[in-house]
Amino acid sequence: MKKKVFIKTFGCQMNEYDSNRIYDSIKNIGYSKTEEQSNADCYILNTCHIRDKAKEKVYHEIGRVKKIYKQKKKPIMVVAGCVAQAENEEMLNREPYIDIVLGPQSYHKINNLLKNFSVKKKEEETEFDSVSKFKFFDKIENKNNKVSAYLTIQEGCDKFCHFCVVPYTRGPEYSRPFNQIIKEAEKLVKNGAIEITLLGQNVNAYQHYENSKEYRISDIINKLEKFEELERIRYTTSHPKDMTDDLIDCYSSSKKLMPFVHLPIQSGSDRILSLMNRKHKVEDYLKIYSKLKNINSEIEFSSDFIIGYPGETEDDFQETLKFLEKIRFVNSFSFIFSPRPGTKAANLDIINKNVAKERLITIQKKLFNNQIELNRSMENKIVEVLVENRLNKQNKLFGRNKFLSSVIFEGNESYIGKVVKVNVESSNQNTLFGKIENNMKAA
Ligand code: SF4
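In this text, all values refer to a predicted model and were calculated from it rather than measured experimentally.

**Observations concerning the overall build of the protein chain**
Line of reasoning, step 1. When helices and strands are counted, the protein chain shows 14 helices and 21 strands.
Line of reasoning, step 2. In terms of overall dimensions, the protein chain is globule-like: its C-alpha atoms have a radius of gyration of 23 Å, near the 22 Å expected for 443 residues.
Line of reasoning, step 3. With respect to the principal axes defined by its C-alpha atoms, the protein chain has extents near 60 × 60 × 50 Å.
Line of reasoning, step 4. The proportion of buried residues among the 443 residues of the protein chain is 53%.
Line of reasoning, step 5. Considering only contacts within the protein chain whose residues lie at least 6 apart along the sequence, 71% involve residues at least 24 apart.
Line of reasoning, step 6. For the protein chain, the accessible area works out to roughly 20800 Å², and carbon and sulfur atoms hold 48% of it.

Encoded structure:
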């Protein structure tokens, strides 16, 4: 009988991609996925270290699992992902319920760990071995059959922003071989992907040398452009320093690269950017913005903001507000700074919590208003939507427009996997609602 695995994923698209690849791997040793968390032989928590109190959330989650399995046979408990990497064997010492701790660059070891599992022996694998990992996964088919698929092209980061754990949890920058990526993309398209999002913690830093040629993310985009069935290309997350001209040029040469750029700035104050070790200035960001807008005025931006970074004065915060007058973001993520253990900023004095809260409220009001207004400006207009799935509760279709905004509308399932025209009738901060255009026929 097949053994069952339950996988719970926290965090970003990269973790979602990793969870799918872990499953592709352990399927080969007899595991099948269960959606019921109470009947698994193996329980995998794929963790994220970006949010506040990540570590405590993982222990809390394990507490829940323990209760679920109190009267049953205990599953093999695997903690994977960035918290596993950051905490390593500490986790095994603190929580004996955990059997295996597996860092993000050691996922290729999971089959052996599960095959040789013994209740008496705890295992911890947190080496940074990206080369072996991707060599292993290159031989395992990516079984993803979603309309919109993720494809990791790069991992890790060498930039060491002072607030960020990524260089410590994902390791140094590693770019997968170009041909390996293209092979996986071909498979995804064959399995039905209409859209591919290229992933990396520093995705536009992608750089791979093969046969004396340098490959950049622009080469991947140009190659994917030629895939007939593929209609949309995206990438995330990028860094302003790596927005090189070859990538910017793709916005004029490619018809499939979506006119939407998620480019974190973090602060509108050069002083704070320097304290953060961001390696770019506000002016650099604005230059990229102008270059892209000159190529195509339709391009929209989203960003990330850290509010209340140690040392942020009222003047710095006002600079961030001023910056928002220059660029109206389609959407953005904004958080109050919270220290991550092991990072340089972890030991700095945090600013007054109430002040930080007030600033967050002020900036979010501005950002959310932008979103509401931009969504409203799309009402009574036709937008192109890639239909991803049916929302069961609402019996409606769900898809995304070019700028990654959610669109919900009525229609039958034969539209899934197609780009359709939707007439937007109403909107709120996060979603557009509408009707499919009458002349659109399901094929
Ligand atoms: S560039 Fe991004 S991933 Fe790298 S350290 Fe800075 S915030 Fe983290």
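Next comes the rest of the description.
**So, the environment of glutamate 314**
Line of reasoning, step 1. Mapped onto the elements of the fold, glutamate 314 is located in helix 13 (residues 314-326).
Line of reasoning, step 2. Judged by relative accessible area, which is 40%, glutamate 314 ranks as partly exposed.
Line of reasoning, step 3. Along the backbone, glutamate 314 and arginine 359 are 45 residues apart, and their C-alpha atoms lie at a distance of 9.0 Å.
Line of reasoning, step 4. A polar side-chain atom of glutamate 314 sits 3.4 Å from a polar atom in the side chain of arginine 359.

**Some remarks on the sheet that holds strand 15 (residues 300-307)**
Line of reasoning, step 1. Across the sheet, which stays open at both edges, the 3 strands sit in the order 14-15-16 with parallel pairing between neighbours. Two strands close off the open sheet at either side, each with one partner strand: strand 14 (260-262) and strand 16 (331-336). On average, adjacent strands in this sheet sit at an angle of 10 degrees to one another, irrespective of strand direction.
Line of reasoning, step 2. Where strand 15 meets strand 16, 6 bridges bridge the pair, whose relative direction is parallel. Counterpart to isoleucine 306 in the pairing with strand 16 is phenylalanine 335.
Line of reasoning, step 3. This element, helix 14 (residues 353-377), spans strand 15 and strand 16 of the sheet and lies at about 170 degrees to strand 16.

**Section: helix 2 (residues 54-68)**
Line of reasoning, step 1. Taking 1.5 Å of rise per residue, 15 residues should cover 21 Å, and helix 2 covers 21 Å from first to last C-alpha, within 8% of that figure.
Line of reasoning, step 2. Buried residues of helix 2: Ala54, Val58, Tyr59, Glu61, Ile62 and Val65, and no others. What you see down the axis of helix 2 is that its buried residues fit within an arc of 155 degrees, all on one side. Away from its buried face, by an angle of more than 90 degrees, helix 2 presents the exposed residues His60 and Lys67.
Line of reasoning, step 3. Against the buried residues of helix 2 lie strand 1 (3-9), strand 3 (42-47), strand 4 (76-81), helix 3 (82-87) and helix 4 (89-94).

**Observations concerning the site of the ligand**
Line of reasoning, step 1. Neighbouring residues of the ligand: Cys157, Lys159, Phe160, Cys161, Phe163, Cys164, Val166, Pro167, Asn202, His239 and Arg278.
Line of reasoning, step 2. When the residues that make up the shell around the ligand are grouped by side-chain class, the tally is 7 nonpolar, 2 polar and 2 charged.

**A word on unusual backbone geometry**
Line of reasoning, step 1. Omega for the peptide link from threonine 236 to threonine 237 comes to 0 degrees, which places this bond in the cis form.
Line of reasoning, step 2. Within the secondary structure, threonine 237 is located in the loop between strand 13 (232-236) and helix 10 (245-253).
Line of reasoning, step 3. At glutamine 266, a position not held by glycine, the phi torsion is positive, near 80 degrees.
Line of reasoning, step 4. Here glutamine 266 lies in the loop between strand 14 and helix 11 (270-275).
Line of reasoning, step 5. Looking at glutamine 266, the relative accessible area reads 7%, which means it is buried.
Line of reasoning, step 6. Phi at asparagine 277 takes a positive value of approximately 65 degrees, unusual for a residue other than glycine.
Line of reasoning, step 7. Its relative accessible area of 22% is what places asparagine 277 among the partly exposed residues.

**With respect to the sheet that holds strand 10 (residues 195-199)**
Line of reasoning, step 1. The 3 strands are arranged 7-10-13 in an open sheet whose pairing can be described as parallel. Both edges of this open sheet fall to strand 7 (148-152) and strand 13, since each of them pairs with a single strand only. Adjacent strand axes in the sheet meet at a mean angle of 25 degrees when their direction is disregarded.
Line of reasoning, step 2. Two elements, strand 10 and strand 13, share 5 bridges in a ladder whose sense is parallel.

**Re the packing of helix 10 against helix 12 (residues 282-295)**
Line of reasoning, step 1. It is at 8 Å that the axes of helix 10 and helix 12 come closest, and there the two elements cross at 25 degrees. Relative to helix 12, the element helix 10 lies roughly parallel. Between helix 10 and helix 12 lies a crossing of right-handed hand. Here Asp245, Ile248, Tyr251 and Ser252 of helix 10 lie close against helix 12, whose contacting residues are Ile288, Lys291, Leu292 and Ile295.
Line of reasoning, step 2. Of the residues contributing to the contact of helix 10 with helix 12, the split by class is 5 nonpolar, 1 polar and 2 charged.

Scoring rules and cut-offs
Within each chain, residue numbers correspond to sequence positions counted from 1 in written order. With the structure being a predicted model, the display of local features is reserved for residues of pLDDT at least 70 and the display and counting of side-chain atom pairs for 80 or more, all residues being used for whole-chain, interface and lining totals. In computing side-chain values, all of the structure's heavy atoms are included and hydrogens and water are not. Going along the chain from the N terminus, every DSSP run of H or I of four or more residues is numbered as a helix, and every run of E of two or more is numbered as a strand. Both definitions apply: the radius of gyration is a C-alpha atom measure, and the globule rule equals 2.2 Å times residues to the power 0.38. The buried label applies to any residue whose accessible area, calculated with a 1.4 Å probe on protein chains only, is under 20% of its type's maximum; exposed applies above 50%, and partly exposed to all values in between. Working rule for contacts: check all heavy atoms of both residues, and any pair within 4.5 Å makes them a contact. Surface accessibility in these figures is a Shrake-Rupley result with a 1.4 Å probe; residues are shielded only by whichever protein chains are displayed. Side-chain atoms alone can form a polar contact between residues adjacent in sequence; in general such a contact is a pair of N or O atoms within 3.5 Å, and within protein one must be able to donate a hydrogen while the other accepts it. Following DSSP output, two strands are said to pair if at least two bridges run between them. All axes are obtained by fitting lines to C-alpha atoms, using only the stretch in contact for helices, and the reported angles, taken between N-to-C directions, cover 0 to 180 degrees. Take the number of residues in a helix, subtract one, and multiply by 1.5 Å to get its expected span. The arc under discussion is defined with respect to the helix axis, by the directions toward the C-beta atoms. To be near a molecule or strand, a residue needs just one of its heavy atoms within 4 Å of it. Residue polarity is assigned by list, with Asp, Glu, Lys and Arg as charged and Ala, Val, Leu, Ile, Met, Phe, Trp, Tyr, Cys and Pro as nonpolar; anything else, Gly included, falls into the polar class. Roughly parallel means an angle under 35 degrees; roughly antiparallel, over 145; roughly perpendicular, 65 to 115; everything else is oblique. Crossing handedness is read from the near helix: turned anticlockwise from the far helix by less than a right angle, it gives a left-handed crossing, and turned clockwise, a right-handed one.

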